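Summary of structural features
As a plain string of letters, each chain reads:
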Amino acid sequence: MEKTDGVLWRPPRSCSDYWSEFKHCKSLRNRFHHYYAHGTSPSCQQWKEDYNMCTTWEKCKDQGAMEALQNSERSRLAEQKKFTPVWELRRVPPKDWHMPLNHERPQDS
């Protein structure tokens with residue numbers, strides 16, 4: 001860990017995590033799944049760039065590498081948060097949650 005502005009900093013993930021994500025992204029299974037689900041081949045370049053920036057940080061403590069990793073993780077988190085959930089989460093359980101289920105009666109669909 002390196003001190004930057006009085007705070008210890010380390011990459012958000014280990015460098016091996018970035019490499020594992022890159023290898024997974026390049027795998028035939030993932031490419032097939034991504035093409036099936038999205039109609040395009042996945043772009044794995046960002047994982048490789050993050051791995052290279054992480055190793056640069058580990059070896060040289062380069063500030064540019066640190067900032068690039070931080071920006072990449074921020075954009076990755078922002079991308080994940082932009083999707084809305086499919087179901088709205090419950091705030092409280094249903095009023096009859098403790099009652100036994102009636103298996104003989106068909107449920108309304």
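Below is a short write-up of the structure.

1. As for the pattern of salt bridges
- Counted by the stated rule, this structure contains 4 salt bridges.
- The salt bridge partner of lysine 82 is glutamate 79, with a shortest N-O separation of 3.4 Å.
- Members of the salt-bridge network, linked through shared partners, are Arg13, Asp50, Glu73 and Arg76.

2. Things to note about the nonpolar core
- Counting residues in each nonpolar core, the largest one holds 12 residues, listed as Trp9, Cys15, Tyr18, Phe22, Cys25, Cys44, Trp47, Cys54, Trp57, Ala65, Met66 and Leu69.
- The set of elements that each furnish at least two residues to this core consists of helix H1 (15–26), helix H3 (45–60) and helix H4 (63–81).
- Ranked by the residues each element gives to this core, the list is headed by H1, at 4 residues.
- Look past the residues within four positions of tryptophan 47 in its chain and what remains in contact with it is Arg13, Tyr18, Glu21, Phe22, Cys25 and Arg76.

3. Points about helix H2 (residues 28–38)
- Across the 11 residues of H2, 1 count as buried, placing the element largely on the outside.
- Positive phi shows up at glycine 39, right after H2, with a value of about 80°.

4. What about the state of the cysteines?
- The final tally for this structure, using the stated rule, is 2 disulfides.
- The disulfide partner of cysteine 25 is cysteine 44, and the S-S distance across this bridge is 2.0 Å. Where cysteine 25 bonds to cysteine 44 through sulfur, the torsion about that S-S bond is close to -85°, and the disulfide is left-handed. Taken as a pair, cysteine 25 in helix H1 and cysteine 44 in the loop between H2 and H3 lie far apart in primary sequence, 19 residues in all. Like cysteine 25, the residue cysteine 44 is buried in the burial classification.
- Once the disulfide-bonded cysteines of the protein chain are ranked by sequence position, their pairing pattern turns out to be 1-4, 2-3.

5. As for H3
- Its 16 residues place the ends of H3 22 Å apart at the C-alpha level, agreeing with the 22 Å of an ideal helix rising 1.5 Å per residue.
- Of all the residues in H3, the buried ones are Trp47, Asp50, Cys54, Thr55 and Trp57. Seen end-on, H3 carries its buried residues on one side only, within an arc spanning 155°. Exposed residues on H3 whose side chains face more than 90 degrees from its buried face are Lys59 and Cys60.
- Phi turns positive one or two residues past the end of H3, at lysine 61, with a value near 55°.

Thresholds applied
Residues numbered from 1 in each chain as written. Predicted model: local features only at pLDDT ≥ 70, side-chain atom pairs only at ≥ 80, totals over all residues. Heavy atoms only, no water. Salt bridge = Lys/Arg side-chain N within 4 Å of Asp/Glu carboxyl O. Core = buried A, V, L, I, M, F, W, Y, C linked by side-chain atoms within 4.5 Å. Buried < 20%, exposed > 50% of the residue type's maximum accessible area, 1.4 Å probe, protein only. Helix = DSSP H or I, 4+ residues; strand = E, 2+ residues; numbered from the N terminus. Contact = heavy atoms within 4.5 Å. Disulfide = S-S within 2.5 Å. Expected span 1.5 Å × (residues − 1). Arc of directions from axis to C-beta.

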